[in-house]
Amino acid sequence: MINLEEQISLFKIIGSQLSKKVECIAIGGSAMMFYGAKTTTKDVDLVFLKKDDLEAVKKVLFNSGFDERKNIKGVFREDEEIIKPVMMDGKETRFDLFLNEVIGFIVHNELIERIKELHDFGNLRVKTASPEDILMMKACTEREKDRDDAAEIIKKFNIDWEVILSETSKQTKIGIAAFPILLYDFLTELKENYKIDVQKNVIKDLLKIAEKMIEELKRKDKLIRVTKYKS
Amino acid sequence: MMDIQNITKKLEGLQTVDSIAVSLGIARRTAVNYVWALRKEGFVETIYGKRKIRMYRISPIKAPKFGYPGLYEFLNQNSKIKVYPPYTERIYDHKPTAEEMIVKAIKTGNLRTILSSLALFNKVKDWAKLSQIARKENIGRKIGALYDAARTIIRVRKMDKKTRKALLRSKIDDKFIVKYARTKDLQQIEKEWKVSFPFNKADLEAYKE
């Protein structure tokens, strides 16, 4: 586990060792720490838009004593394509490096436009994903801690549910077709177990999007398999 | 006992005492007390509007502040012309200087941001450094032109001759300081630096208000 100060120190180390400008997006606990919504995190999750940038950071991390984890299990998409993040294990923490998508959740221009925070560490620029996007990415996982984090996000931020609904529709087209089902399950669970205030119409609209998507898939005679990220 | 988290969520954004009173359906005096309590917890930042009217920027979370302010915070701290920050930026690896912030502001290509950055010419300590960064970014002559424009309206430190010559000789990617924006004012500066100037005299008058 690391806190914000340690995370900043690590980013400074990376930034000072990079030979060119690299940009990435912090998601999950790492982003929540920048927002002040969390004090510590187990893993630092970063999304890159260019493979070269990911490789450059991976190399710096390796030179700083982080080792790449090879046996990553539990990352599936319904189209059977396995998208694995690069996991770099350190003594106290782990860096998860994603390229363009997070367990099927596609990072696109609108998500980048929603970014409201930039952190410069020399040659490393870390952008912070919006609370809405962090929340949606948490829905793709099955870890207990992610539920705690998601509950905290809804409690602390003024979540724009319109963004969530429009992004859900978009993700069904460009990312995971089953995304509305995952999100519906996730929010219903949060509502029941964490007593989180999610407006009724949001759940209803999500269900509508999910049903529409299932009908479309049925028409195309497509079967989907939904397995969540467990690592 | 007030629920601070809920109140901050309800009041997120810019508020005045009166708008808080209306939003929460409370008396003005009670609203003042709420602001006091929220500020004590670190959820409120006070800024001053026109005629010194107090405005409160309320945020539901207390983000820890490490590092140094980025471009927009730097401009708002050092310039009379304030800019609404499109995002929050922090710099961690070094303390930003006026020299690099001028270059950063010009690179945004945004009219108001560039106008606001003119005030930073008075904070420049190392002209050689400014010239070096500007030439690296291929905006040397734009910097020179903006410096001359700043001199017409505000008190600015004098640029040494060596820097001026270096900037005059420098290359630029395109002649527009703000894309496709040009005016007929300040033509002498435009001629000397061979750039298209985006402001007219009235824009610069904002520094006199």
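Residues numbered from 1 in each chain as written. Chains lettered and ligands numbered in written order. Predicted model: local features only at pLDDT ≥ 70, side-chain atom pairs only at ≥ 80, totals over all residues.

Considering the overall build of chain A
How we decide: Helix and strand definitions follow DSSP, with helices as H or I runs of at least four residues and strands as E runs of at least two, each counted in order from the N terminus. Our radius of gyration looks at C-alpha atoms and nothing else; its globule reference is 2.2 Å times the residue count to the power 0.38. Partly exposed residues are those whose C-beta has more than 12 but fewer than 20 other C-beta atoms within 10 Å; with 20 or more the residue is buried, with 12 or fewer it is exposed, and the C-beta atoms are placed from the backbone. Working definition of a contact: two residues with C-beta atoms, positioned from the backbone, lying within 7 Å.
Looking only at helices and strands, chain A features nine helices and eleven strands. By the compact-globule yardstick of 17 Å for 231 residues, chain A fits well, its C-alpha radius of gyration being 18 Å. With respect to the three principal axes, the spread of C-alpha positions in chain A is 50 × 35 × 30 Å. Each of the 231 residues in chain A was classed as buried or not, and the buried ones make up 42%. Residue pairs at least 24 apart in sequence account for 69% of intrachain contacts in chain A once pairs closer than 6 positions are excluded.

Some details on the overall build of chain B
Helices and strands together make up the secondary structure of chain B, namely eleven helices and five strands. Radius of gyration (C-alpha) of chain B: 21 Å, far over the 17 Å computed for a compact globule of 209 residues. Seen through its principal axes, chain B has C-alpha atoms that stretch 65 × 40 × 30 Å. Counting all 209 residues of chain B, 32% fall into the buried class. Contacts in chain B between residues far apart in sequence, at least 24 positions, make up 62% of those at least 6 positions apart.

Section: the sheet that holds strand E10 (residues 117–121) of chain A
Note the threshold: Strands pair, by our definition, only if DSSP identifies at least two bridges between them. Structural elements are reduced to axes, namely lines fitted to C-alpha atoms, with helices fitted over the stretch in contact, and the angle between N-to-C directions of any two is expressed from 0 to 180 degrees.
One open sheet holds the nine strands; their spatial order is E5(A)-E6(A)-E7(A)-E4(A)-E2(A)-E11(A)-E10(A)-E5(B)-E4(B), and the pairing between them is mixed. Looking along the sheet, the strands with just one partner apiece sit at the ends: strand E5 (67–69) of chain A together with strand E4 (68–69) of chain B. In terms of strand pairing, E10 of chain A meets strand E11 (residues 124–128) of chain A through five bridges, oriented antiparallel. If you follow Glu 117 of chain A over to E11 of chain A, its bridge partner there is Thr 128 of chain A. Across the sheet, helix H2 (residues 28–35) of chain A touches strand E2 (22–27), strand E4 (43–48), E10 and E11 of chain A, and the angle it forms with E2 of chain A is around 90°.

Some details on the packing of helix H5 (residues 131–138) of chain A against helix H6 (residues 144–156) of chain A
Each pair of packed helices gets described by two things: the angle between the helix axes and the distance between those axes. Residue and element names in this part refer to chain A. Inclusion rule: Should an angle lie under 35 degrees it is considered roughly parallel, over 145 roughly antiparallel, and from 65 to 115 roughly perpendicular; all remaining angles are considered oblique. For a crossing to be left-handed, the near helix must be turned anticlockwise from the far one by less than a right angle; the clockwise case is right-handed. Any residue that is not Ala, Val, Leu, Ile, Met, Phe, Trp, Tyr, Cys, Pro, Asp, Glu, Lys or Arg is counted as polar, Gly included; the first ten are nonpolar and the last four charged.
In the contact formed by H5 and H6, the axes pass within 9 Å of each other and the chain directions differ by 155°. Compared by their axis directions, H5 and H6 come out roughly antiparallel. The chirality of how H5 crosses H6 is left-handed. Where H5 abuts H6, its residues Pro 131, Ile 134, Leu 135 and Lys 138 lie against Asp 146, Asp 149, Ala 150 and Ile 153. Classifying every residue of the contact of H5 with H6 by side-chain character gives five nonpolar, no polar and three charged.

A short note on the domain arrangement of chain B
Convention followed: What counts as a domain boundary in this text is fixed by an automatic or database domain assignment.
Domains assigned within chain B are domain 1 (4–58) and domain 2 (68–207). Computed over C-alpha atoms, the centres of domain 1 of chain B and domain 2 of chain B are 36 Å apart.

What about the confidence of the model for chain B?
The test is simple: Each residue carries a pLDDT score, the predictor's own confidence in it, on a scale running from 0 to 100.
In the predicted model, chain B carries a mean pLDDT of 91, and the fraction of residues at 70 or more is 99%. The complex model carries a pTM of 0.86, and its ipTM stands at 0.84.

Points about the environment of Val 126 of chain A
Residue and element names in this part refer to chain A. Mapping Val 126 onto the fold places it in strand E11. Separated by 103 residues in sequence, Val 126 and Glu 23 place their C-alpha atoms 6.0 Å apart. When near neighbours in sequence (up to four residues on either side) are disregarded, Val 126 contacts Phe 11, Cys 24, Ala 26, His 119 and Phe 121.

Some points on the interface of chain A and chain B
Accessible area lost upon the coming together of the parts is a frequently used measure of interface size. If you look at the interface, chain A gives 20 residues, while chain B gives 17 residues. Residue assignment for the side of chain A that touches chain B shows that the elements contributing at least two residues are helix H1 (4–17), E10 and H6 of chain A. Here the residues of the side of chain A that touches chain B are counted per class, giving eight nonpolar, six polar and six charged. The sheet contact formed by E10 of chain A and strand E5 (residues 88–91) of chain B spans four bridges and is parallel. Bridge pairing links Asp 120 of chain A to Ile 91 of chain B in E5 of chain B.

Some words on the sheet that holds strand E2 (residues 44–48) of chain B
Residues and elements named next belong to chain B. Read from one edge of the open sheet, three strands run E1-E3-E2, paired in antiparallel fashion. The sheet terminates laterally at strand E1 (13–15) and E2, the two strands that pair on one side only. Ignoring which end each strand starts from, the neighbouring axes of this sheet average 30° apart. Pairing of E1 with strand E3 (residues 54–58), which is carried by three bridges, proceeds in the antiparallel orientation. Bridging across to E3, Leu 14 finds its partner in Arg 57.

A few points about the confidence of the model for chain A
Confidence in the prediction of chain A, expressed as mean pLDDT, is 88, and 91% of residues score 70 or more. Counting interchain partners and residues more than four positions distant, the pLDDT-below-50 stretch residues 76–80 of chain A has eleven contacts.

Overview of H2 of chain A
In an α-helix, one full turn covers 3.6 residues, which means residues spaced three or four apart are oriented alike. Residues and elements named next belong to chain A. Of all eight residues that make up H2, eight are buried, and the element is covered over most of its length. Buried residues of H2: Gly 28, Gly 29, Ser 30, Ala 31, Met 32, Met 33, Phe 34 and Tyr 35, and no others. Note on H2: the residue one or two positions beyond its end, Gly 36, has a positive phi of about 85°.

Focus on the nonpolar core
Residue and element names in this part refer to chain A. Threshold: What makes a nonpolar core is a set of buried Ala, Val, Leu, Ile, Met, Phe, Trp, Tyr and Cys residues, with links drawn between C-beta atoms within 7 Å.
Residues Ile 27, Leu 46, Val 47 and Leu 183 are the most contacted members of the largest nonpolar core, which totals 63 residues. Top element by residues in this core is helix H8 (residues 179–193). It accounts for eight residues. Leave out the neighbours within four places in its chain, and Val 47 touches Cys 24, Ile 25, Ile 27, Phe 98, Val 102 and Val 107.

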